[in-house]
Amino acid sequence: MLRTRKWIALTSLAALIIVGFGALSWWQWGRAQRDMITHQPTAPLNQVVTGTEPLAATNYGKRVRVTGTFDAAHQVLVRRDESTFVIVTPMLRPAEPAVAVARGTVNSLQDPAITHIPAGQVTLAGTLQPFDGDPGGESDLPPGQVKHLTAAAVGVMPLVGGWIAQAPAQEGLTETGVAYGPEAGTGLRAQNVTYAIQWILFAGFVVYFWWRILKDDLNAESDGAGVELPTGSGECRSTGSASQDSSKVTESRLDPPRKKVY
Amino acid sequence: MAGPTAESISGALKRYRVMAYIVGTVLIIFVAAIIAKNVFHVIDSDTYLAIAHGWLFMIYLLCALDLCLRMRWSLPRILFVGIAGTIPFLSFVAERRVMGWVHAELGKAPAGS
C-alpha cells in the first residue's frame, strides 16, 4: 500500500517535471525565433499611413501588412549594382492609395521571379522604407530600370509616400536589404535552439531514471522475501540479476535505508 | 540491469568525476568569456561556449544522476550534485564531497564486494 502510494507520487512528480521541461523547451524555442522577421509585430498599413505625403521618419522601418493586388504593368527594377536588382511592384488597394512593394532581390535579369507576379488578392508583410530623393537628370538605364526608388519612378497615382520591403520575401526571391527596421533574414538563435533540444532531452532523462528506479525497486522486492509486486507481472522480476548476488553489493550495504526518496 | 556493485559504482564515480572536471573547467572559461564580452568588450560572442556548456552539462547530469541512483542518495543530495554543474567552482566542491560520500559509504560495504 505504502509502495503503491510512493509510486503514484513518484510517477506524478515525473509527469509534472516532464510537463515543466516541455514548457521550458517551448519557451526557449520561442526565444530562438525572437530575431526572426516573421516574429516582429506587424500593424495594418492603413493604421500607420493613410495619405500620400512622404513617410514620417518615425515610421521608418515599421513592420506593416497590407492586402491588395499587384499592378504588373507598373513594375520597375531598381538597379543596386551591375547584377543586383530590386523588384518593385505597386500594389493596388480599393479606396486607398497604392503602395510600392519591393518583392525581393534578383541577381539576374533572366530570373523568372521578375515576371512571376502573384495574381489576385495578396496579403504580405514587410518594413516601411522612405523613397530615395530624386536626383533628377537623365537615366542611362534601359526602360523599366531605375537607379533610385522614387514615387515618380513607380508611376502610379495616388501612391503611399514610402515603400514596403516585403519580408520574408516572396518565395524564390532574396529579401531586399533595407536601411531601416529589423534586419531581414536573421535566423534562429543557435544557443536557444540547443537549449530547447536539451530541455526535451532532460525530460527524456526523467523517463529513463523513473524507469531505473522502478526496476531497482522491483529487483529489491524480488530479492527480499515475499513482498508483493505492485503490478503482479512476473516478467518484471529480475531475470538473472538476482542470481548475481555474490557480485552485488548486499542489501546490508544499502541498509539501514538512507534518507531514501524513492 | 546489473545491481549496484562496488565495481559499477567505481565506474560511475569515474565518469562523474571526469565530467565534473570538464564541466567545471568549461564553466569557468564560459564565465570569463561572459565578463570579457559584457564588461571589457574584448570578445563579440560567447555563444559557442554557452552551447558547449549546455551539452557538456547534459552529459554531466546523466553521469551524476547515474551515480546518485546507484548510491541511493536522497533528493536534496541529488539536486546539489546536479545543480553544481551550473555554478562556477561548485562542481569542483561537489566532486570532493561526492568522493568523500562514496568512500565513506563504500567503506562500510563488506569486504570482497
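Residues numbered from 1 in each chain as written. Chains lettered and ligands numbered in written order. Predicted model: local features only at pLDDT ≥ 70, side-chain atom pairs only at ≥ 80, totals over all residues. Heavy atoms only, no water.

What follows concerns the packing of aromatic side chains. Ring pairs (aromatic) are described by centroid distance and by the angle formed between their planes. Throughout the structure, instances matching the rule amount to 13 aromatic pairs over all chains. Ring centres 5.0 Å apart and planes at 55° place the aromatic pair F21 of chain A and W199 of chain A in the tilted group. Remark: W199 of chain A occurs in helix α4 (residues 190-223) and F21 of chain A occurs in helix α1 (residues 2-32); sequence separation between them is 178 residues. Among the residues examined, F21 of chain A registers a relative accessible area of 21% and is labelled partly exposed. Relative accessible area serves as the criterion here: at 22%, W199 of chain A is assigned to the partly exposed category. Measuring from ring centre to ring centre gives 5.6 Å for Y16 of chain B and Y60 of chain B, while their planes differ by 45°; the resulting arrangement is tilted. Of this pair, Y16 of chain B sits in helix α1 (residues 6-38) while Y60 of chain B sits in helix α2 (residues 47-71), and the two are 44 residues apart along the sequence. (Phe/Tyr/Trp six-rings, centres within 6.5 Å; stacked < 30°, edge-to-face > 60°. Helix = DSSP H or I, 4+ residues; strand = E, 2+ residues; numbered from the N terminus. Buried < 20%, exposed > 50% of the residue type's maximum accessible area, 1.4 Å probe, protein only.)

As a volume, the largest pocket reaches approximately 990 Å³. Considering the residues around the largest pocket, the lining is formed by 31 residues, among which F21 and V206 of chain A together with L61, L65 and L79 of chain B are closest to the centre. Contributing elements (two or more residues each) for the lining of the largest pocket: α1 and α4 of chain A together with α1, α2 and α3 (75-83) of chain B. It is α4 of chain A that provides the largest number of residues to the lining of the largest pocket, a total of nine residues. Considering only residue class, the lining of the largest pocket consists of 26 nonpolar, five polar and no charged. (1 Å grid on protein atoms, 1.4 Å probe; cavity = no way out; pocket = protein on both sides within 12 Å on 5 of 7 lines; lining within 4 Å. Points joined across faces, edges and corners; volume = space filled by probe spheres on them. Nonpolar A, V, L, I, M, F, W, Y, C, P; charged D, E, K, R; others polar.)

A residue-level look at chain A finds 81% of positions with pLDDT of 70 or above and a mean pLDDT of 81. Low pLDDT, under 50, characterises residues 225-262 of chain A; the stretch is placed with 53 contacts to residues that sit more than four places away or in other chains. (pLDDT = per-residue confidence, 0-100. Contact = heavy atoms within 4.5 Å.)

The next point concerns the packing of α2 of chain B against α3 of chain B. All names here are of chain B. Packing of α2 against α3 leaves a shortest axis separation of 9 Å and a crossing angle of 155°. By the criterion of interaxial angle, the relationship of α2 to α3 is roughly antiparallel. When you trace α2 past α3, the crossing you get is right-handed. Across the interface between the two elements, F57, Y60, L61, A64, L65 and C68 of α2 pack against I78, V81 and G82 of α3. Classifying every residue of the contact of α2 with α3 gives eight nonpolar, one polar and no charged. (Axes fitted to C-alpha atoms, helices over the stretch in contact; angles between N-to-C directions. Parallel < 35°, antiparallel > 145°, perpendicular 65-115°, else oblique. Left-handed = near helix turned anticlockwise from the far one by under 90°.)

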